[in-house]
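# Chains, contacts and geometry: an overview
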Amino acid sequence: MTALRILAEAAWPDPEAPGPEQLPPLPGFSASSFNPLVAETAERCLRARHGGAPAPGRTALLLASASGDLATARAIEEAAADTARRMPPLLFFQSNPNAVLGHIAARWGLTGPVVAICPTQPPPPGRVPQDALDLAELLLADGDADQVLVIAAEQAEQTGEDPDDTGAERVDRAVALLVTTA
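A short tour of the structure in this document, coming up. (Residues numbered from 1 in each chain as written. Predicted model: local features only at pLDDT ≥ 70, side-chain atom pairs only at ≥ 80, totals over all residues. Heavy atoms only, no water.)

## So, the sheet that holds strand β3 (residues 114–117)
- Strand order in the open sheet formed by 5 strands is β1-β5-β4-β2-β3, with mixed pairing between adjacent strands. Pairing within the sheet leaves two strands with one partner each, and these edge strands are β1 (4–12) and β3. Within this sheet the neighbouring strands show an average axis-to-axis angle of 15 degrees, counted without direction.
- Inspection of the sheet shows strand β2 (residues 59–64) paired to β3 by 4 bridges, in the parallel sense. Following the sheet pairing, L63 is matched in β3 by A116.
- Contacting β1, β2, β4 (147–154) and β5 (173–181), helix α1 (residues 34–50) runs over the sheet at an angle of about 130 degrees to β1.
- Of the strands in this sheet, β2, β3 and β4 touch helix α4 (residues 98–108), which is tilted by about 150 degrees from β3. (Pairing = 2+ DSSP bridges. Helix = DSSP H or I, 4+ residues; strand = E, 2+ residues; numbered from the N terminus. Axes fitted to C-alpha atoms, helices over the stretch in contact; angles between N-to-C directions. Contact = heavy atoms within 4.5 Å.)

## Examining the nonpolar core
- The biggest cluster of nonpolar side chains holds 29 residues, and the ones touching the most others in it are V38, L101, I104, L110, L149 and I151.
- Mapped onto this core, the elements with two or more residues apiece are β1, α1, β2, α4, β4 and β5.
- Contact partners of L101, with chain neighbours within four places excluded, come to V38, L61, L63, V114, V115 and I151.
- Judged by nonpolar contacts, the second largest core, of 16 residues, contains A60, L62, A64 and V175. (Core = buried A, V, L, I, M, F, W, Y, C linked by side-chain atoms within 4.5 Å. Buried < 20%, exposed > 50% of the residue type's maximum accessible area, 1.4 Å probe, protein only.)

## What about the environment of A66?
- Summarising the element assignment, A66 is placed in the loop between β2 and α2 (70–81).
- The spatial distance from the C-alpha of A66 to the C-alpha of E154 is 7.0 Å, given a sequence separation of 88 residues.
- With residues up to four places along the chain from it excluded, the contact list for A66 reads C118, P119, P122 and E154.

## Here we look at the pattern of salt bridges
- This structure, assessed with the given rule, holds 5 salt bridges.
- The salt bridge partner of E21 is R44, with a shortest N-O separation of 2.5 Å. Residue E21 is found in the loop between β1 and α1, and its partner R44 is found in helix α1; the two are separated by 23 residues along the sequence.
- Here E21 falls in the partly exposed class, since its relative accessible area comes to 25%.
- A salt bridge links E43 to R107; its shortest N-O distance comes to 2.6 Å. Highlighted residues: E43 in helix α1 and R107 in helix α4, separated in sequence by 64 residues.
- Among the residues examined, R107 registers a relative accessible area of 43% and is labelled partly exposed.
- What you see here is one network of salt bridges that share partners, running through E21, E40 and R44. (Salt bridge = Lys/Arg side-chain N within 4 Å of Asp/Glu carboxyl O.)

## Some words on helix α5 (residues 130–141)
- Its 12 residues place the ends of α5 16 Å apart at the C-alpha level, agreeing with the 16 Å of an ideal helix rising 1.5 Å per residue.
- For α5, the complete set of buried residues consists of A132, L133, A136, E137, L139 and L140. Buried positions in α5, seen along its axis, are confined to an arc of 160 degrees and lie on one side of it.
- Those residues of α5 that are buried lie in contact with β1, β2, β3, β4 and β5.
- Just past α5, the residue G143 takes up positive phi, approximately 80 degrees. (Expected span 1.5 Å × (residues − 1). Arc of directions from axis to C-beta.)

## Things to note about unusual backbone geometry
- For the peptide bond that leads from W12 to P13, omega is -5 degrees, which places it in the cis range.
- With respect to the helices, strands and loops of the structure, P13 is situated in the loop between β1 and α1.
- Each neighbour pair has its own omega, and for A53 with P54 the value is 0 degrees, a cis peptide bond.
- Within the secondary structure layout, P54 lies in the loop between α1 and β2.

Quick look at the structure:
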């Protein structure tokens, strides 16, 4: 396979931020920080390369997450267990990891393939899984895209079981790379 060239990159949280960052809300997505995490990290990466929307050329979107959207899964489980309560329709919409990718594609005018994967070997925090990089190379080699926005996102597990546990060590993390062939 060919090597990849990084055109831009971004991370959440930003390692150069002076203090703790707050994810901006993402209209249409609720009950979870996962989709705002993916959208904000993608936004930062695309802005670093293109300034503002739309992005030129054919850009594929590839999301890699070993755990997926934990908070939405938990909210769906709780809503399904409560037979006296109606299931919120937005939970079904956002339970599909491609939903946020569709939002990003529409916002930036991206016209390449949209793919979500669960990597076989989760990487260390702040790294993109090798599976995702291999798939990005395939998308480029097949001519399906001129560039690929690869996003690796993991949501912090919030148990809420220990009232003294502030969650200081647990934080949502994501990294995005905009790549093309070398």
